Every structure is written in structure tokens, then in C-alpha cells.
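Structural overview for review
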Amino acid sequence: EAEVAQSPRYKITEKSQAVAFWCDPISGHATLYWYRQILGQGPELLVQFQDESVVDDSQLPKDRFSAERLKGVDSTLKIQPAELGDSAMYLCASSWRGRNIDTQYFGPGTRLTVL
Amino acid sequence: QKEVEQDPGPLSVPEGAIVSLNCTYSNSAFQYFMWYRQYSRKGPELLMYTYSSGNKEDGRFTAQVDKSSKYISLFIRDSQPSDSATYLCAMNPGTYKYIFGTGTRLKVLA
């Protein structure tokens, strides 16, 4: 069964350092989402791509976070510089076309700890 | 007030019990309702997906939507220790944007 791949699974970094996360969506899925999930809370959308274009990045802290999906396939989320409050699980999800009826499939996530 | 409210639990039940998990919401525009299961340190996986008011059954799982009360439920029959996880409700108003609840931690005791 096709899955969303993410790496690394775990990342520990010191504050002010740069970190990057990678996501490879299910083959053929045009829509890719990055979520942040703080412990004990539900996922919150950071950014959504349709192919290589950003559809929604209204909740992305753009002073330190950036995301790209250059060829409309895999994607990278970067944080620079990392802050203590960025410690969370970063989840990538994909769906076929991003329509309201299209199911979002999640990857295993990257757990970030900022010291 | 959050758009989606969900009791965080934890909820502990004996093996074989019927489990009821619930979410309430405030936005009457929500049309699509999902339940995800998330094991510790893993990503959420879709369990159930419903569009309209009423019940939808899949094996031991039943999803129920009451739009008039803005209330959704997930029932798990004959619960098993392997059902121990966090259950997240999610909903959207007919756009791409899912709004998630905080999740309810369930523990099924053998």
C-alpha cells in the first residue's frame, strides 16, 4: 500500500540552529500539506501545496519557516533559526487533488526537539 | 471558543467494552466529518469518513453525525487492547482545510 514518507523521524537540535524536514507524498497526489502537532493537541495546518504552488500558508511563521515543492512532488520544510517553542511533531499529508472529498493521508511525522 | 471541542481523556475501558468518543463543533458550515486513529509517535490514519447526518458502520466501528446538535460520535464495539490510541475527529466546511479536535486518548485494558 502506498504511503507518505518522511525523514528524519526524529530530530534534536539546539535553538538558533537550522533544521529541515523532507516529505515524499503518495505517487500521483497533487496536494501536499505540512501540519504541526503540539503534544496533546490536534494537527494544525502550516502550508498547503497544489502541485508546486502554495495554496495556503496563512499559518506559516514566515519569519523563520519556509517550505518548497519545486517539482511538484517531494517537499522540504525548513526552520531557521529554531526556537524552543518549535518542539512538536511535524506531519506531512497528501491527497489526490485537494478537493473537500479527497482523503488526506498522513506520514509518520518528524518529532522535533529544540534544546 | 474552539471550533471543534473534544475531551482529551484519558479514557480507560476493559477489553470487550463499547467505547463512545465524541466531538462537538460550532461551525454549522462543516459538511465532512472524519475520525483518525493515532498511535503513539505515529501519524494519524483515517478510520471513518462521513458526509451527512446519520450512521456509518465499518466492522467494529460506527460513526454517527448529528448536524442539528453539531455533535459527532465514534463507537467501537468489542474493544481490544490494540485499539489503545488517540482518536482525533476532523471536519471541514467543504474546502480543503481540515479542523482537528485535540484528540481523546483511549486505553483498553486486557
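So, a few notes on the structure that sits alongside this text.

What counts, and where the lines are drawn
- Residues numbered from 1 in each chain as written.
- Chains lettered and ligands numbered in written order.
- Predicted model: local features only at pLDDT ≥ 70, side-chain atom pairs only at ≥ 80, totals over all residues.
- Heavy atoms only, no water.
- Pairing = 2+ DSSP bridges.
- Helix = DSSP H or I, 4+ residues; strand = E, 2+ residues; numbered from the N terminus.
- Axes fitted to C-alpha atoms, helices over the stretch in contact; angles between N-to-C directions.
- Contact = heavy atoms within 4.5 Å.
- Buried area = accessible area lost by both parts, 1.4 Å probe.
- Salt bridge = Lys/Arg side-chain N within 4 Å of Asp/Glu carboxyl O.
- Polar contact = N/O pair within 3.5 Å; in protein donor to acceptor, adjacent residues only side chain to side chain.
- Nonpolar A, V, L, I, M, F, W, Y, C, P; charged D, E, K, R; others polar.
- Buried < 20%, exposed > 50% of the residue type's maximum accessible area, 1.4 Å probe, protein only.
- Disulfide = S-S within 2.5 Å.

Overview of the sheet that holds strand S7 (residues 61–66) of chain B
Residues and elements named next belong to chain B. Strand order in the open sheet formed by five strands is S1-S3-S8-S7-S6, with antiparallel pairing between adjacent strands. Of all strands in the sheet, those with a lone pairing partner are strand S1 (4–6) and strand S6 (54–58), marking the two edges. Pairs of neighbouring strands in the sheet enclose a mean axial angle of 20°, with direction left out of account. Judged from the five bridges that link them, S6 and S7 form a sheet pairing that is antiparallel. Each bridged residue has a counterpart across the sheet, and for Gly54 the counterpart in S7 is Val65.

Describing the interface of chain A and chain B
With 26 residues of chain A at the interface, the matching set in chain B holds 19 residues. When chain A packs against chain B, the two sides together hide about 1800 Å² of surface, and 52% of this comes from carbon and sulfur. Taken together, chain A and chain B are joined by zero salt bridges. Across the contact surface, chain A and chain B share six residue pairs in polar contact (both at pLDDT 80 or more). Breaking the side of chain A that touches chain B down by element, the ones donating at least two residues are strand S4 (31–37), strand S5 (44–50), strand S6 (53–56) and strand S9 (88–95) of chain A. Residues belonging to the side of chain A that touches chain B are distributed by class as follows: 11 nonpolar, 11 polar and four charged.

Some thoughts on the pairing of strand S3 (residues 19–24) of chain A
All names here are of chain A. Burial along S3 is one-sided: Val19, Phe21 and Cys23 are buried, and none of Ala20, Trp22 and Asp24, which face the opposite way, are. Sheet topology places strand S1 (residues 5–7) next to S3; three bridges connect them, and they run antiparallel. The residue of S3 that forms the bridge with Ser7 is Trp22. By the bridge criterion, five bridges tie S3 to strand S8 (residues 75–79) in an arrangement that is antiparallel. Residue Phe21 lies in a different strand from S8, and its bridge partner there is Leu77.

Some details on the state of the cysteines
Throughout the structure, instances matching the rule amount to two disulfides over all chains. At a sulfur-sulfur separation of 1.9 Å, the disulfide partner of A:Cys23 is A:Cys92. Torsion about the S-S bond of the A:Cys23 and A:Cys92 cystine: about -70°, corresponding to left-handed handedness. In this pair, A:Cys23 is assigned in strand S3 and A:Cys92 in strand S9, connecting sequence segments 69 residues apart. Classification of A:Cys23 as buried rests on a relative accessible area of 0%. Note on cysteine connectivity: B:Cys23 is disulfide-linked to B:Cys89, with sulfurs 2.0 Å apart. Judged by the torsion about the S-S bond (-105°), the B:Cys23/B:Cys89 disulfide is left-handed.

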